[in-house]
Amino acid sequence: FNLPETDDTPAAQMLRIDVAYDTTEVEVNDIVNVSVSLEFNPLPELNISEAGMIVLDVSVPTGFEVVADSLEAVTARMPNIKRYDVSGRKVIFYVENMEPGQQISFDFQVRALYPVKAKGVLSTAYSYYQPDIKGETLGAAVTVR
């Protein structure tokens, strides 16, 4: 099968996103912490002073569900994350304007629902008003026993 490739060209990686799991081997009903970091690094020659609203689309591996309370905790402690939506196996965070060099990091949780060998999933970030400001990452594979 085919896995999506990440685009590592400088223009496409002005938003650096990293999604990591605290473990990749779990049992059914186990909780996995998902760590997300996002950094805005525009190219100096583009003279970009802000990213505007950033849409951070974090994919959840097959066989997992998001722990809703953990998402509420993220928005409560991160004032620049204005809201989130859960859409299928994706959590979409809306991040208020980021300035060059700014980085945010946060964690949320997912619960294993059933046994599965889940392949890595693609997560993306892009500026809502300037879609050429974007970034993506491929998460690790996760096995639920």
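Within each chain, residue numbers correspond to sequence positions counted from 1 in written order. It should be noted that, the model being predicted, local features are given only for residues of pLDDT at least 70 and side-chain atom pairs only at 80 or more, the latter also being counted only at that level, while totals for whole chains, interfaces and linings use all residues. Where side-chain values are given, they derive from all heavy atoms of the structure, hydrogens and water being excluded.

Visitor: What is the right way to look at unusual backbone geometry in this model?
Guide: Phi is mostly negative for residues that are not glycine, and the peptide bonds are mostly trans. Here Asn29, not a glycine, exhibits a phi torsion of approximately 75 degrees, which is positive. Tracing the backbone shows Asn29 in the loop between strand E2 (25-26) and strand E3 (31-40). Only protein chains enter the area calculation, which uses a 1.4 Å probe; residues under 20% of their type maximum are buried, those over 50% are exposed, and those in between are partly exposed. Accessibility expressed as a relative area gives 53% for Asn29, which makes it exposed. Where helices and strands are cited, they refer to DSSP runs of H or I of at least four residues and of E of at least two residues respectively, numbered from the N terminus.

Visitor: What am I meant to see in the sheet that holds strand E12 (residues 142-144) here?
Guide: As a general point, the strands of a sheet are linked pairwise by backbone hydrogen bonds and lie either parallel or antiparallel. Any two strands with at least two DSSP bridges between them are considered paired. In spatial order, the strands read E2-E12-E9; together these three strands make up an open sheet with mixed pairing. Taken across any chain shown, the strands that pair with only one partner, and hence form the sheet edges, are E2 and strand E9 (116-118). Sheet topology places E9 next to E12; three bridges connect them, and they run antiparallel. Residue pairing across strands places Lys117 opposite Thr143, the latter belonging to E12.

Visitor: Any chance you could explain the sheet that holds strand E7 (residues 90-95) here in plain terms?
Guide: What the five strands build is an open sheet, ordered E6-E7-E4-E10-E11; its pairing is antiparallel. In this open sheet, the two strands that pair with only one neighbour each are strand E6 (81-87) and strand E11 (134-138). Here the average twist between neighbouring strands, direction ignored, is 15 degrees. Relative to the sheet, helix H1 (residues 68-77) contacts E6 and E7, its axis offset from that of E6 by approximately 160 degrees. Axis lines are fitted through C-alpha atoms, for helices just across the contact stretch, and the angle between N-to-C directions can take any value from 0 to 180 degrees. Any pair of residues with heavy atoms lying within 4.5 Å of one another is described as a contacting pair.

Visitor: I would appreciate a short explanation of the packing of aromatic side chains in the present structure.
Guide: Centre-to-centre distance and the angle between the planes together describe a pair of aromatic rings. When the centres of two rings from Phe, Tyr and Trp lie within 6.5 Å, Trp using its six-membered ring, the rings pair. Their planes under 30 degrees apart give stacked, over 60 give edge-to-face, and anything left gives tilted. For the structure on display, the rule yields three aromatic pairs. With 5.8 Å between their ring centres and 55 degrees between their planes, Phe93 and Phe108 make a pair best called tilted. Of this pair, Phe93 sits in strand E7 while Phe108 sits in strand E8 (residues 103-112); the two residues are 15 residues apart in sequence, bridging distant segments of the chain. Of the residues examined, Phe93 reaches a relative accessible area of 0% and is grouped as buried. Each ring is checked for a lysine NZ or an arginine CZ that lies within 6 Å of its centre and within 35 degrees of its normal; such an atom marks a charge sitting over the ring. In this structure, Arg83 packs its charged tip against the face of Tyr94, placed 4.5 Å from the ring centre.

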